[in-house]
Amino acid sequence: MRYQVGATVAQTAVRILIEAHVRRVYAVAGESFLPLLDALQREREITLVAARHDSGAAFMAEAEGKLTERPAVLLASRGPGAANLVIGVQTAYQDETPMVVLLETPALDRVAAGELPTSDLTAMFESISKWCVRAEDPDGVPGLVAEGLTRSREGRPGPVVIGVPSDAWGVPYDSAKPVATVRPPATGTLGRSAEAVAGLVDEARYPVVIVGGRARSAREELIAVADELSLPVYNAFRRQDAFPETHERYAGHLGLGIPARQLDALERADVVLALGTQLDEVTTQGYRYPTSQQTLVLVGTGIDAQRRRGLTFRVDAEVEPFLRELRAVATPRTRRASAANAAVHTFMTPPDTSGNTRVHPVDVVRALRKLAPEDTIVTSDAGNFAQFMHRYWCFTAPRSQLGPSNAAMGYAVPAAVAAKLAEPRRSVVAMVGDAGTLMTGQEIETAVRYRAPVMVVVFQNGLHGALAMHQARTQGRLSGVTIPLTDFASWARGLGAAGYTVDDREELEPIIASALVRQRPCVIDVRTDPDVVTPDVRLSGLLGAVRPQDGRGQ
């Protein structure tokens, strides 16, 4: 890399980030890394995004890494600031998202007021990071940054955490000391693996594909393989942009509430190809699939071994070159289409909601999908409202969905801000519940400040919907799950964004159309029917079906 005579450790580290094509650093500005903030401010090729809360910054960094497959950098102050990052770092770890966290550690192992001991600070991230290390001297910091950028993308991508003493950034860097360069990620070795898998697919009666987020870059090859080998393809949980949901070989999204008929292809399969996915609990439908009678082929670098009964093959290679090789050696086949494809079209068809007196969540998704551009990026939180998006949006464009597989609330708004900064030419819509909005929704102000015109759609029903559903189903009454209605439109205007309130379905399309063309962040507060908790469940039906366990009222 290029050296600058008299450069500080901070300036040298920033040059390493720039040469590794890192474009944004997310942080809540703190006095502990002032020299680094100053070094970032001096460079036009990299932007410091100052968030309103550490958890918002963490979700922003995770979302950019997920969207671009390149690590963003996250800065963390000591003590409480570091603790606030945990859920965002854990999301990156579970979702295989590259990220580099530069964590302030006490100078000379001093523990000041509000600080955690260094050992505890390291331990806090060790189980949710690929690599956790502390710089022992200022001259070692640039090398660790370069190594961290490499490790975040090698093998199974994920977050790395580098502890940097608070007094290290302003120290002059010894330019005579060589700095490790950022290595390109290894792609694994195919060897004869593609030929072996081709043999399995050729002999199989009902082979099936499950595709995850790490296969997004292999989309075109995947479509070609599905066409030539007549393979049904399922998208893993919250990875619906990996394979187009309008394709004739699409078998469905392995999410929540999937009907048995849509699992037809997976139930009958004798060979399951899992491409770029770790096969989490939701994707496997509660670890039901693959069954012990099904042969599992795992493709991807650094994929963890699966503890299962049944034959398992692991191919340590990137998905795209593997599929290219598979196409070259496998025999084209014509197989009968699975009933899953027909079932998925029925499942994804929005119902008639004209008889509903209040705004139905389906109305919101239907209006958004009708008016938003085809390549709109959708970010979402956890929550029952998300089931309507998963079921009815119909993802067709690549890299158009950002959602955490770990049920993290508060993800959607920060993720939307990061997505718009990374892809300024695309529309970005955040779908979020009323509870999640008040967790990290203040990052709307960050969107205003950085001129990132995102649209935030709040599904406000005054309930913790998932908990209400479980309580109603098991106890026949509700407790502690109601939320007072909030005037999110006024709140948004107070943060500098545009704000709208919708409590009539006739208002939906005009307001959405207006928000889509406004060059400023917009919040649409939609007052949805609290009785409609999922696409298939009404709360009143559950409450009426279960007798309370004692004589007390709700």
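Relevant structure appears above.
Residues numbered from 1 in each chain as written. Predicted model: local features only at pLDDT ≥ 70, side-chain atom pairs only at ≥ 80, totals over all residues. Heavy atoms only, no water.

## What to know about a negative patch on the surface
Piece 1. Judged by side-chain charge, Asp503, Asp504, Glu506 and Glu507 come together as a negatively charged surface patch.
Piece 2. Relative to the assigned elements, Glu506 resides in helix α20 (residues 505–517). (Patch = residues over 30% accessible without salt bridge, like charges linked within 9 Å, V, L, I, M, F, W, Y side chains within 5 Å. Areas by Shrake-Rupley, 256 points an atom, 1.4 Å probe, with all protein chains shown as cover. Salt bridge = Lys/Arg side-chain N within 4 Å of Asp/Glu carboxyl O. Lys, Arg positive; Asp, Glu negative; His and termini not counted. Charge placed at Lys NZ, Arg CZ, Asp CG, Glu CD. Helix = DSSP H or I, 4+ residues; strand = E, 2+ residues; numbered from the N terminus.)

## Re the environment of Ala397
Piece 1. Positionally, Ala397 belongs in the loop between α14 (385–392) and β14 (401–402).
Piece 2. What makes Ala397 buried here is its relative accessible area of 7%.
Piece 3. Linking Ala397 and Glu245, residues 152 residues apart in sequence, is a C-alpha distance of 9.2 Å.
Piece 4. With near-sequence residues (within four places) excluded, Ala397 lies in contact with Arg219, Asp241, Glu374 and Asp375. (Buried < 20%, exposed > 50% of the residue type's maximum accessible area, 1.4 Å probe, protein only. Contact = heavy atoms within 4.5 Å.)

## A few points about the pattern of salt bridges
Piece 1. Scanning the entire structure with this criterion turns up 29 salt bridges.
Piece 2. For Arg52, the salt bridge is made with Glu445, and the minimal N-O distance between the two is 3.0 Å. Taken together, the residues span a long stretch of sequence, with Arg52 in the loop between β2 (47–50) and α3 (54–68) and Glu445 in helix α17 (residues 443–449) at a distance of 393 residues.
Piece 3. You can call Arg52 partly exposed: its relative accessible area is 48%.
Piece 4. On the basis of relative accessible area, Glu445 is assigned to the buried category, the value being 15%.
Piece 5. Taken together, the salt bridges that share partners define one network made up of Glu221, Glu228, Glu320, Arg324 and Arg327.

## Details of empty space enclosed by the protein
Piece 1. Scanning all chains against the criterion turns up four cavities of 30 Å³ or more.
Piece 2. Looking at the largest cavity, its volume works out to about 60 Å³.
Piece 3. Considering the residues around the largest cavity, the lining is formed by Pro232, Glu248, Arg249, Tyr250, Ala251, Ala337, Ser338, Ala340 and Asn341.
Piece 4. Those elements that provide at least two residues to the lining of the largest cavity are β9 (250–253) and α12 (339–348). (1 Å grid on protein atoms, 1.4 Å probe; cavity = no way out; pocket = protein on both sides within 12 Å on 5 of 7 lines; lining within 4 Å. Points joined across faces, edges and corners; volume = space filled by probe spheres on them.)

## Notes on unusual backbone geometry
Piece 1. With an omega dihedral of -10°, the bond running from Tyr289 to Pro290 counts as a cis peptide bond.
Piece 2. Assignment of secondary structure puts Pro290 in the loop between β10 (271–275) and β11 (295–299).
Piece 3. Despite not being glycine, His21 shows a phi value in the positive range, around 70°.
Piece 4. Within the element layout of this structure, His21 appears in the loop between α1 (9–19) and β1 (24–27).
Piece 5. The class of His21 is partly exposed, set by a relative accessible area of 44%.
Piece 6. Here Ser230, not a glycine, exhibits a phi torsion of approximately 55°, which is positive.
Piece 7. By the element assignment, Ser230 lies in the loop between α9 (219–229) and β8 (233–235).

## With respect to the environment of Ala135
Piece 1. Looking at where Ala135 falls in the secondary structure, it is placed in the loop between β5 (131–134) and α7 (141–151).
Piece 2. Taking the C-alpha atoms as reference points, Ala135 and Gly300, 165 residues apart in sequence, are found 31 Å from one another.
Piece 3. Ignoring any residue separated from it by four or fewer positions in sequence, one finds Ala135 in contact with Val141, Leu144, Gly163 and Pro165.

## With respect to the nonpolar core
Piece 1. One finds Tyr234, Leu273, Leu275, Phe322, Leu323 and Leu326 to be the most contacted residues of the largest nonpolar core, which totals 53 residues.
Piece 2. By size, the runner-up hydrophobic cluster in this structure holds 49 residues, among which are Met60, Val161, Ala412 and Val456. (Core = buried A, V, L, I, M, F, W, Y, C linked by side-chain atoms within 4.5 Å.)

## Some remarks on the layout of surface pockets
Piece 1. Its boundaries defined by the atoms lining it, the largest pocket holds a volume of some 740 Å³.
Piece 2. Looking at the largest pocket, it is lined by 36 residues, and the ones nearest its centre are Asp95, Glu96, Pro157, Arg214 and Gly276.
Piece 3. No other element matches the three residues that helix α11 (residues 319–329) contributes to the lining of the largest pocket.
Piece 4. Split into classes, the residues belonging to the lining of the largest pocket amount to nine nonpolar, 13 polar and 14 charged.
Piece 5. Here the second largest pocket defines a volume of roughly 590 Å³.
Piece 6. Contributing to the lining of the second largest pocket are 35 residues, with Ala382, Gly383, Asn384, Phe385 and Ala466 lying nearest its centre.
Piece 7. Listing elements by their share of the lining of the second largest pocket, those giving two or more residues are α14, α16 (434–440), α18 (465–475) and β19 (532–534). (Nonpolar A, V, L, I, M, F, W, Y, C, P; charged D, E, K, R; others polar.)

## Details of the sheet that holds strand β6 (residues 159–165)
Piece 1. The six strands lie next to each other as β2-β1-β3-β4-β6-β5, forming an open sheet whose pairing is parallel. The open sheet terminates on both sides in strands that have one partner only, identified here as β2 and β5. Taken over all neighbouring pairs, the strand axes of this sheet differ in orientation by 20° on average, direction set aside.
Piece 2. Direction of pairing for strand β3 (residues 72–76) relative to strand β4 (residues 99–105): parallel, over a ladder of five bridges. (Pairing = 2+ DSSP bridges. Axes fitted to C-alpha atoms, helices over the stretch in contact; angles between N-to-C directions.)

## Section: the side chain of Arg214
Piece 1. Along the chain, Arg214 turns up in the loop between β7 (207–211) and α9.
Piece 2. When its relative accessible area of 12% is taken as the criterion, Arg214 is described as buried.
Piece 3. Here the side chain of Arg214 touches Thr301 through a polar contact of 2.6 Å, landing on its backbone oxygen. (Polar contact = N/O pair within 3.5 Å; in protein donor to acceptor, adjacent residues only side chain to side chain.)

## Re helix α13 (residues 361–371)
Piece 1. Of all eleven residues making up α13, eight are buried, and the element is well covered by its neighbours.
Piece 2. Of the residues making up α13, those classed as buried are Pro361, Val362, Asp363, Val364, Val365, Ala367, Leu368 and Arg369.
Piece 3. Where the residues of α13 are buried, they touch α14, β15 (428–433), β16 (455–460), α20, β18 (522–527) and β19.

## Let's talk about the pairing of β10
Piece 1. Judged by how many residues are buried, β10 sits mostly within the fold: five of five residues are covered.
Piece 2. Where burial is concerned, the two faces of β10 agree: the one with Val271, Leu273 and Leu275 and the one with Val272 and Ala274 are both buried.
Piece 3. Sheet analysis places β10 next to β11, joined by five bridges and oriented parallel. Bridge assignment links Leu275 to a residue of β11, and that residue is Val299.

## A look at the packing of helix α8 (residues 193–203) against α11
Piece 1. Interhelical geometry of α8 versus α11 gives an angle of 55° and a closest axis separation of 9 Å. Considered as vectors, α8 and α11 are oriented oblique to each other. The chirality of how α8 crosses α11 is right-handed. Together, Ala194, Glu195, Val197 and Ala198 of α8 and Phe322, Glu325, Leu326 and Val329 of α11 make up the contact between the two elements.
Piece 2. A per-class count over the contact of α8 with α11 returns six nonpolar, no polar and two charged. (Parallel < 35°, antiparallel > 145°, perpendicular 65-115°, else oblique. Left-handed = near helix turned anticlockwise from the far one by under 90°.)

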